[in-house]
Each structure stands twice: as C-alpha cells, then as structure tokens.
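Single-letter residue listing:
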Amino acid sequence: MMRMENKVALITGGASGIGLSTANLMAREGAKVVIADFNADGAREAAENISNQGGEAVSIFLDAGNETSIKEAVEFTVQQHGKLTTLFNNVGSTNLKKDLDVVNR
Ligand SMILES: NC(=O)c1ccc[n+]([C@@H]2O[C@H](COP(=O)([O-])OP(=O)(O)OC[C@H]3O[C@@H](n4cnc5c(N)ncnc54)[C@H](O)[C@@H]3O)[C@@H](O)[C@H]2O)c1
C-alpha cells in the first residue's frame, strides 16, 4: 500500500526545489497533490508532469504573503478534492531585522 493514499496535500512553493521534490514524492505515494506557487507556469508544468506519470495533481497561483491568496488556495483544494489532509508550508521568508527582534514588532 502507498503511504499517502486518500491524502490531499497542498504544497506551497511546489514549482521548484524542495517543494517540487516533495510534490513528486507525495504523488508517487498516492496523494492527490495541489501545487501552489507564484510561479504559476512552473506550478502548472509540475502538475502536468505528475499527471503524465499517472499521478494526480493540479496547480494554483499562490502569493504566500497574501492572506486572501492563501484562503483561495485552501478553498480551491477543498473544491477539487473535498478535503485537505496535508499541508506543506514550504515557502518561508526572512526579514533579518524583524525576525531577530522578538520583543519589538
Ligand atoms: N535549500 C535549502 O538549503 C534551504 C535551507 C533552509 C531553508 N530553506 C527554505 O526552504 C524553502 C524552499 O527552499 P528551496 O531551496 O526549495 O527554494 P526554491 O527557491 O528552489 O523554491 C521556492 C519556491 O517557492 C516559490 N515561492 C517563493 N516565494 C513565494 C511566495 N511568496 N508565494 C508563493 N510561492 C513562492 C518559488 O516560486 C519557488 O518555486 C524556502 O523557504 C527556503 O528559504 C531552504
């Protein structure tokens, strides 16, 4: 049995790098994968590659710094697959000035 059967995974930053590798692996393990990235073309291509290899994947534009965009990606996932079981919050950003100061925001 595949390890991610019946799972629906939303992967931010899934068009390249760690997110893309994770999307490919999760799809191989039976997950339905939603690839969300602000590189919409790259996300679409990644989803097409998974589909061409017999996996299940779709893509959506995501700006991970925008709350509305995040809500849209979650809603899209649930619309497509009826649920969301697995989140890979892969996109991270660092503002060294802010992030090193935990007292003052
Ligand atoms: N590669 C490493 O050694 C390493 C080490 C520590 C942390 N990280 C962190 O892990 C994450 C992934 O790293 P990676 O090497 O795969 O990076 P990458 O640059 O190869 O891939 C990042 C993906 O995220 C997308 N992306 C970036 N900002 C976005 C945003 N605001 N909204 C939507 N999509 C966005 C990009 O289009 C790209 O497809 C990054 O947050 C990185 O900071 C990476």
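Please refer to the structure higher up on the page.
Residues numbered from 1 in each chain as written. Predicted model: local features only at pLDDT ≥ 70, side-chain atom pairs only at ≥ 80, totals over all residues. Heavy atoms only, no water.

1. Focus: the site of the ligand
Line of reasoning, step 1. The full set close to the ligand counts 14 residues, and Ile18, Asp37, Leu62, Ala64 and Gly92 are the nearest of them.
Line of reasoning, step 2. Ser16 is positioned such that a nitrogen or oxygen atom in its side chain is 3.0 Å from an oxygen atom of the ligand.
Line of reasoning, step 3. With respect to the ligand, the backbone of Asn90 contributes an N or O atom lying 3.2 Å from an oxygen atom.
Line of reasoning, step 4. Contact with the protein chains removes 53% of the 830 Å² of surface that the ligand exposes when unbound.
Line of reasoning, step 5. Grouping the constituent residues of the shell around the ligand by class yields 6 nonpolar, 6 polar and 2 charged. (Near = heavy atom within 4 Å. Polar contact = N/O pair within 3.5 Å; in protein donor to acceptor, adjacent residues only side chain to side chain. Areas by Shrake-Rupley, 256 points an atom, 1.4 Å probe, with all protein chains shown as cover. Nonpolar A, V, L, I, M, F, W, Y, C, P; charged D, E, K, R; others polar.)

2. Quick word on the side chain of Asp37
Line of reasoning, step 1. Position of Asp37 among the secondary structure elements: in strand S2 (residues 32-37).
Line of reasoning, step 2. Here the side chain of Asp37 touches Ala15 through a polar contact of 3.0 Å, landing on its backbone nitrogen.
Line of reasoning, step 3. Sequence-distant contacts of Asp37, defined by excluding residues within four places in its chain, comprise Gly13, Gly14, Ala15, Ser16, Ala43, Ile60, Phe61 and Leu62. (Helix = DSSP H or I, 4+ residues; strand = E, 2+ residues; numbered from the N terminus. Contact = heavy atoms within 4.5 Å.)

3. Notes on the sheet that holds strand S4 (residues 86-88)
Line of reasoning, step 1. On the basis of which strands lie adjacent, the open sheet formed by 4 strands has the order S3-S2-S1-S4 and parallel pairing. Each end of this open sheet is capped by a strand with a single partner; those strands are strand S3 (56-61) and S4. Sheet twist, expressed as the mean angle between neighbouring strand axes with direction ignored, is 20°.
Line of reasoning, step 2. Looking at chain direction, strand S1 (residues 8-12) and S4 are connected through 3 bridges and run parallel. Each bridged residue has a counterpart across the sheet, and for Ala9 the counterpart in S4 is Thr86.
Line of reasoning, step 3. Against the sheet, helix H2 (residues 40-52) touches S2 and S3, its axis set at about 175° to S3. (Pairing = 2+ DSSP bridges. Axes fitted to C-alpha atoms, helices over the stretch in contact; angles between N-to-C directions.)

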